[in-house]
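Observations on chain architecture
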Amino acid sequence: MKVVEVRTSVVEKGQWGRELEVEIPYDRLEPDFSKAIKSYQKRLELPGFRKGKVPLNVVNRRFGDAIRGNVINDILPTLLEEATREAGLVPAAPPRIEKLDYEPGESLTFTATMDIWPEVEAEKYEGLEITKVVHAVEEEEVDKQLEEIRNGQAAERSVERPLETGDVLIADLQRLDDARLPIVGEKFEERQFLIGADDAPSPDFETAVIGISAGEERAVRFSYREDLPNEQLAGTEDHFLVTAREVRERHLPDLDDEMAKDVGDQFQTLEELRAHIRNQLEGQWEMMARQKMRADLTAELIKHNPFDLPESMLQNYLQSMRREREQARDGHDHDHDHDHDHGHDHDHDEDHEFSEEERAAAVRQLKGYILVEAVGKEAGVEVGEEEFEQHLQQRAERMGVDVEQLKRSARVGDLRRELRESKVFDLLAEKAKVKDETI
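Model, not experiment: these values are computed from the prediction. (Residues numbered from 1 in each chain as written. Predicted model: local features only at pLDDT ≥ 70, side-chain atom pairs only at ≥ 80, totals over all residues. Heavy atoms only, no water.)

1. Focus on the overall build of the protein
Across its full length, the protein holds 11 helices and 11 strands. On C-alpha atoms alone, the protein measures out to a radius of gyration of 33 Å, which is more than a quarter above the 22 Å that the 2.2 N^0.38 rule sets for 439 residues. Each principal axis of the C-alpha atoms in the protein carries an extent, and together these give about 95 × 70 × 45 Å. Sequence separation of 24 or more characterises 69% of the internal contacts of the protein that already satisfy a separation of 6 or more. Counting only carbon and sulfur atoms, one obtains 46% of the accessible surface of the protein, whose full area is about 27100 Å². Averaged over its 61 positive side-chain charges, the protein has a centre that lies 8 Å from the centre of its 102 negative ones. (Helix = DSSP H or I, 4+ residues; strand = E, 2+ residues; numbered from the N terminus. Rg over C-alpha atoms; globule rule 2.2 N^0.38 Å. Contact = heavy atoms within 4.5 Å. Areas by Shrake-Rupley, 256 points an atom, 1.4 Å probe, with all protein chains shown as cover. Lys, Arg positive; Asp, Glu negative; His and termini not counted. Charge placed at Lys NZ, Arg CZ, Asp CG, Glu CD.)

2. Re the packing of helix α8 (residues 356-379) against helix α11 (residues 412-431)
Interaxial distance between α8 and α11 falls to 10 Å at its minimum, and their mutual angle equals 80°. As the angle between them shows, α8 and α11 are arranged roughly perpendicular. Residues Y369, V372, E373, V375, G376, K377 and A379 of α8 lie in contact with α11, whose contacting residues are R417, R420, E421, V424, F425, L427 and L428. Class assignment of the residues belonging to the contact of α8 with α11 gives a composition of 8 nonpolar, 1 polar and 5 charged. (Axes fitted to C-alpha atoms, helices over the stretch in contact; angles between N-to-C directions. Parallel < 35°, antiparallel > 145°, perpendicular 65-115°, else oblique. Nonpolar A, V, L, I, M, F, W, Y, C, P; charged D, E, K, R; others polar.)

3. A look at the layout of surface pockets
The calculated volume of the largest pocket comes to roughly 730 Å³. What lines the largest pocket is a set of 26 residues, and nearest its centre among them are E286, M287, R290, Q291 and R294. Breaking the lining of the largest pocket down by element, the ones donating at least two residues are β5 (129-134), α6 (270-304), α9 (385-399) and α11. The dominant element in the lining of the largest pocket, judged by the number of residues it contributes, is α6, at 10 residues. (1 Å grid on protein atoms, 1.4 Å probe; cavity = no way out; pocket = protein on both sides within 12 Å on 5 of 7 lines; lining within 4 Å. Points joined across faces, edges and corners; volume = space filled by probe spheres on them.)

4. Topic: the confidence of the model for the protein
Low pLDDT means the predicted coordinates in that region are not meant to be read closely. Within the protein, residue pLDDT values average 90, and 94% of them lie at 70 or more. Counting interchain partners and residues more than four positions distant, the pLDDT-below-50 stretch residues 339-351 has 29 contacts. (pLDDT = per-residue confidence, 0-100.)

5. Some words on the side chain of E300
Its location among the elements puts E300 in helix α6. Buried E300, no salt bridge; nearest opposite-charge side chain is K303, N-O distance 4.2 Å. From its side chain, E300 meets the backbone nitrogen of E129 in a polar contact 3.5 Å long. (Buried < 20%, exposed > 50% of the residue type's maximum accessible area, 1.4 Å probe, protein only. Salt bridge = Lys/Arg side-chain N within 4 Å of Asp/Glu carboxyl O. Polar contact = N/O pair within 3.5 Å; in protein donor to acceptor, adjacent residues only side chain to side chain.)

6. Let's talk about a nonpolar patch on the surface
Taken together, the side chains of V90, W117 and Y369 define a hydrophobic patch exposed on the protein surface, amounting to about 270 Å² of accessible area. Residue class for Y369 comes out partly exposed when judged on its relative accessible area of 36%. (Patch = residues over 30% accessible without salt bridge, like charges linked within 9 Å, V, L, I, M, F, W, Y side chains within 5 Å.)

7. Quick word on the environment of A154
Mapped onto the fold, A154 is located in the loop between α3 (139-152) and β6 (155-158). C-alpha of A154 to C-alpha of S9: the two residues are 145 residues apart in sequence and 73 Å apart in space. Leaving out residues up to four positions away in the same chain, A154 has contacts with R250, H251, L252 and P253.

8. Quick notes on the packing of α9 against α11
At a closest axis distance of 10 Å, the pairing of α9 and α11 adopts a crossing angle of 110°. For the element pair α9 / α11, the angle class is roughly perpendicular. Considering the relative orientation of α9 and α11, their crossing is right-handed. Residues E385, E387, F388, H391, L392 and R395 of α9 form the contact with α11, whose own contacting residues are V412, L415, R416, E418, L419 and K423. Looking at the contact of α9 with α11 residue by residue, the classes come out as 5 nonpolar, 1 polar and 6 charged. (Left-handed = near helix turned anticlockwise from the far one by under 90°.)

9. Quick notes on the pattern of salt bridges
Counted according to the given criterion, the structure contains 37 salt bridges. The salt bridge partner of R250 is E156, with a shortest N-O separation of 3.8 Å. Linking R250 in strand β10 (residues 237-251) with E156 in strand β6, this pair joins segments that are 94 residues apart in sequence. Under the relative-accessibility criterion, R250 is labelled buried at 19%.

10. Looking at the side chain of S202
Within the secondary structure, S202 is located in the loop between β8 (182-194) and α4 (203-209). Once residues within four sequence positions are removed from consideration, S202 is found in contact with F222, S223 and Y224.

11. Considerations on α11
The terminal C-alpha atoms of α11, which comprises 20 residues, lie 29 Å apart, in line with the 28 Å expected from a rise of 1.5 Å per residue. Inspection of α11 places L415, L419, R420, V424, F425, L427 and L428 among the buried residues, and these make up the whole buried set. (Expected span 1.5 Å × (residues − 1).)

12. Focus: the environment of K187
Its location among the elements puts K187 in strand β8. Along the primary structure K187 and G368 are separated by 181 residues, whereas in three dimensions their C-alpha atoms are 49 Å apart.

13. Digging into the sheet that holds strand β1 (residues 7-13)
Strand order across the open sheet formed by 4 strands is β1-β2-β4-β3, with antiparallel pairing between neighbours. Only two strands of the sheet have a single partner each, and these edge strands are β1 and β3 (96-102). Adjacent strand axes in the sheet meet at a mean angle of 15° when their direction is disregarded. Here β1 pairs with strand β2 (residues 17-24) via 7 bridges, running antiparallel. Following the sheet pairing, K13 is matched in β2 by G17. Relative to strand β4 (residues 108-115), helix α2 (residues 56-86) is tilted by about 50°, and along the sheet it contacts β1, β2, β3 and β4. (Pairing = 2+ DSSP bridges.)

Laid out in structure tokens, this is it:
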């Protein structure tokens with residue numbers, strides 16, 4: 001059966017704004033109307049008729065308008081998508097439908113207003129000035145990583161003596177109010193603290209508990225570090241009753257071949273472990289250098305190829321980022337230091353406008369994406385099937401999945417775009433004026 005095409009006309013409204021006028025012929029709508037009315041007939045019960053036996057003309061006369069209205073609401077998104085595709089438009093954000101009009105037996109007409117996806121030309125993408133981070137991994141960095149591994153291999157044993165720096169304290173914590181009375185619901189049991197750790201949330205707390213023994217209680221008032229990553233706690237003061245359950249002494253293994261073997265079967269000597277650590281550090285620095293180059297190249301592209309984004313596109317992107325952030329927040333407990341909430345009442349993001357920082361970040365990301373796509377198009381950057389196959393193989397190995405499974409996944413399109421984007425950045429870097437920055 002021939003599909004009846006929709007009829008469209010486009011009116012430009014500014015640089016990116018478009019008004020799409022759409023007409024859907026009745027012949028296109030009638031099959032959906034008939035199907036819906038027959039479906040409703042099968043479920044309908046009316047006095048004087050058995051269920052499903054009400055004549056179609058009665059169903060149509062009494063309920064036809066409502067049924068057709070529901071059908072239009074159901075199929076409108078599909079019709080809109082078809083109309084925008086027919087008109088050659090790529091919306092930058094969900095279109096808004098206005099002026100919808102339908103009379104029984106007539107065509108359906110409506111107008112959709114939208115901003116279209118910006119198609120820009122990257123007029124300057126050669127000779128961009130960027131810096132490249134160059135870093136030679138020192139032995140001290142390897143030593144530091146090795147010491148962290150050594151600390152992770154430490155053995156612990158319970159001791160009957162007061163707590164000292166380097167020990168592990170197992171304790172219950174009860175938050176106290178200013179009158180030194182327990183706050184209901186603010187007790188945290190069997191918390192572990194490595195006394196003397198570089199990343200301790202509160203050196204004051206550690207100083208206050210030094211010398212405590214198993215079974216002893218001690219009320220401690222302390223302040224958190226000003227530079228604590230948890231901004232809700234940084235620089236604030238707390239008051240706890242600490243009940244020591246156990247003091248554990250830690251014993252670090254010797255830095256030798258035996259420790260290396262304990263880290264992994266692939267290591268037979270300490271030197272092999274050191275070489276592995278060095279390779280990891282060099283890889284991390286290389287990744288950081290690539291990320292910085294990408295950021296610099298993107299910033300330079302934006303600087304030398306100015307254009308305005310559609311406001312609806314920017315707002316849609318910001319809303320999407322906010323939803324992702326809220327989902328990530330709702331999916332995880334907020335792990336605060338000492339495992340407590342600190343009484344913070346989270347503001348609902350939807351109650352606030354987007355900040356200038358949020359808008360600026362969104363503009364950078366959107367413009368960067370659009371311009372990188374433009375460079376790829378203008379430079380004729382393509383992804384060959386052989387190189388994409390190799391890219392999929394490498395990604396599958398890294399993810400620990402079968403490559404055929406990855407090919408069937410919904411991510412395969414994203415992986416192709418990822419490889420093309422990487423090739424565009426390689427091209428930009430090759431044509432850029434690069435200055436080494438040794439750190």
